[in-house]
Amino acid sequence: MTTTAQPILVARSDTDCLLLPAMANRHGLVAGATGTGKTVTLRVLAEAFSAMGVPVFLADVKGDLSGMAARGGDNPKIAARAKDLGLTLTPSACPVAFWDVFGREGHPLRGTVSELGPLLFSRLLGLNDTQAGVLEIVFRVADDAGMLLLDLKDLRAMAAYVGENAATYRTRYGNVSAASVGAIQRALLSLESQGGEAFFGEPALDPDDLLQTDASGRGVVNILCARTLFASPKVYAVMLLWLLAELFERLPEVGDLEKPKLVFFFDEAHLLFDDAPAALLEKIELTVRLIRSKGVGVYFVTQSPLDLPDAVLGQLGNRVQHALRAFSPRDQKTVAAAADTFRQNPKFDAKAALTALGVGEALVSCLDARGQPSVVQRALVVPPASRMQPLSDAERAAVVRASPLFGHYEQAIDRESAFEMLKSRAVAREAQAAPQQEKPSQAEKLVLDMAQSALRSIGTQIGRQIARGVL
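Residues numbered from 1 in each chain as written. Predicted model: local features only at pLDDT ≥ 70, side-chain atom pairs only at ≥ 80, totals over all residues. Heavy atoms only, no water.

Student: Any chance you could explain the packing of aromatic side chains here in plain terms?
Tutor: A ring pair, where both rings are aromatic, is described by two values, the distance of the centres and the angle of the planes. Taken as a whole, this structure holds 14 aromatic pairs when the rule is applied. Between the aromatic rings of Trp99 and Tyr409, the centroid separation amounts to 5.4 Å while the plane-to-plane angle is 70 degrees, which identifies the pairing as edge-to-face. Remark: Tyr409 occurs in the loop between α15 (393-402) and α16 (418-433) and Trp99 occurs in strand β5 (residues 96-100); sequence separation between them is 310 residues. Tyr409 carries the same exposure label as Trp99, and that label is buried. Ring centres 5.4 Å apart and planes at 10 degrees place the aromatic pair Phe266 and Phe300 in the stacked group. Placement of Phe266 in strand β8 (residues 262-267) and of Phe300 in strand β9 (residues 296-302) is noted, with a sequence separation of 34 residues between them. In terms of burial, Phe266 and Phe300 fall into one category: buried. (Phe/Tyr/Trp six-rings, centres within 6.5 Å; stacked < 30°, edge-to-face > 60°. Helix = DSSP H or I, 4+ residues; strand = E, 2+ residues; numbered from the N terminus. Buried < 20%, exposed > 50% of the residue type's maximum accessible area, 1.4 Å probe, protein only.)

Here it is, written out as structure tokens:
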């Protein structure tokens, strides 16, 4: 069953503020101070995209979006808003798939070290330029040797191997300092303490699994349960950027469509750009600019539009701006800058309105059929149809078990990769050298000790945790 792509009613005042499906992949911005209604706006947009058959991916950093899987009608404020706007609200639920890096509240979401690549990994580990260069060499040596980097133990073993054999690789790849290798290893241990070992491994996420519809043709809303993950903001930001990059690399060019193939929401979007190196900013800007041709719409959700670089902000044609605060001179500049980005409406002063908007009220401007921004409107965002109250643990577990994906990602796989290959080399070298009573090299000894330690600790979760600490 194919659903019709009708315009999305975002908000209403004396006129309707409509988002055209054919313009939805021109990206968008939902901004506003804390408590002004950004999350409800995100929910309204996600529900509308799902209803027209467009899958959605969004992160739930506060734990209050799980109710999208249940019918609404539980909140008197929602009913009152619908009455004020002259709307007949029909409570409904969205088809939902829950994802969780830690596998506690949804399907485990994993990626491999190789997929993330040295640029994002350097950002994730907080490396300086010199250390990032050494990490690039580690990835290159692994690629040239045909060694897969799937999980963190692969990267640890490969970094140790390259460090111990630095002289061998210096001429071909460049200098590898022991200090830089040590910094990388320490950063990997820190990443493990933040739960990084849960994310890296297989089976890795197949982006096609984010593009599903249910039997009635409604798009599945993929909700990343990010309450725990958000405690490590850098991990959260890099993981979302990796997902977007994977979609960009794997999806075919489709040009202009009647509606998007997927809509991707970046909540707390400022975390993507805080202290990001220039090379990473360029990659983000390029991805946002070009992914439109893959049929993907990207919507940034943040407190201030100035949280985003100008090159990214200029790509966001559909905008819902909730209230901003102007308690300081810097805040006042932010308000003025935000107001100036709109196509002005002679009926009101956008700058004055931004500090006077109520909860759930916003300045809205979407692209028209010619791709031009509409005149900004001051309007009330329409109410959502799904349940505002989060699901109980039992309800969430039932949704996860009922998903067609259940069972595919739940069981981790550890196939032969760099760690196992280096271990095999070390064992073979040791066996060959045993008659001459020669000692293995330091690199081989380290890899062998790591392997033996890991094997001894297999069997219990406590053992695996001890092994991670030792390694």
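From this point, the narrative continues.
Student: How should helix α4 (residues 129-144) be read in this particular structure?
Tutor: Because the α-helix completes a turn every 3.6 residues, residues three or four places apart line up on one side. Over its 16 residues, α4 runs 22 Å from end to end, which matches the ideal 22 Å to within 8%, given 1.5 Å per residue. Regarding α4, the residues found buried are Gln131, Val134, Leu135, Ile137, Val138, Phe139, Val141 and Ala142. Of the surrounding elements, those touching the buried residues of α4 are α3 (113-125), α5 (152-164), α6 (166-173) and α7 (178-193). Sitting at the head of α4, Asn128 places a side-chain oxygen 3.1 Å from the backbone nitrogen of Thr130. Phi turns positive one or two residues past the end of α4, at Gly146, with a value near 70 degrees. (Expected span 1.5 Å × (residues − 1). Contact = heavy atoms within 4.5 Å. Polar contact = N/O pair within 3.5 Å; in protein donor to acceptor, adjacent residues only side chain to side chain.)

Student: Honestly, the state of the cysteines in this entry has me stumped. Any pointers?
Tutor: Should the sulfur atoms of two cysteines be covalently bonded, the bond is a disulfide. All chains considered together, the criterion is met by zero disulfides. Cys366 supplies the cysteine sulfur nearest to Cys17, a cysteine that is in no disulfide, at a spacing of 7.0 Å. The thiol sulfur of Cys225 is not disulfide-bonded, and the nearest other cysteine sulfur, from Cys94, lies at 15 Å. Among the residues examined, Cys225 registers a relative accessible area of 6% and is labelled buried. (Disulfide = S-S within 2.5 Å.)

Student: Sorry if this is basic, but what is going on with the sheet that holds strand β4 (residues 56-60) here?
Tutor: In space, the twelve strands of this open sheet follow the order β2-β1-β12-β11-β10-β3-β9-β8-β4-β7-β5-β6, with mixed pairing throughout. Edge positions in the open sheet fall to β2 (16-19) and β6 (107-108), since each of these has one partner strand only. Pairing of strand β11 (residues 361-365) with strand β12 (residues 377-381), which is carried by four bridges, proceeds in the antiparallel orientation. Each bridged residue has a counterpart across the sheet, and for Glu361 the counterpart in β12 is Leu380. The sheet strands contacting helix α9 (residues 233-250) are β4, β7 (221-225), β8 and β9, and the helix crosses β8 at an angle near 160 degrees. (Pairing = 2+ DSSP bridges. Axes fitted to C-alpha atoms, helices over the stretch in contact; angles between N-to-C directions.)

Student: Is there a simple way to explain the pattern of salt bridges in this structure?
Tutor: Where charged atoms from two side chains of opposite charge approach closely, those side chains can pair. A complete count under the given rule lists 18 salt bridges for this structure. Taking the shortest distance from any N to any O, the salt bridge between Glu115 and Arg250 comes out at 3.0 Å. With a gap of 135 residues between them, Glu115 in helix α3 and Arg250 in helix α9 connect regions that are remote in the sequence. For Arg250, a relative accessible area of 42% puts it in the partly exposed group. One network of salt bridges, with partners in common, ties together Asp151, Lys153, Asp414 and Glu420. (Salt bridge = Lys/Arg side-chain N within 4 Å of Asp/Glu carboxyl O.)

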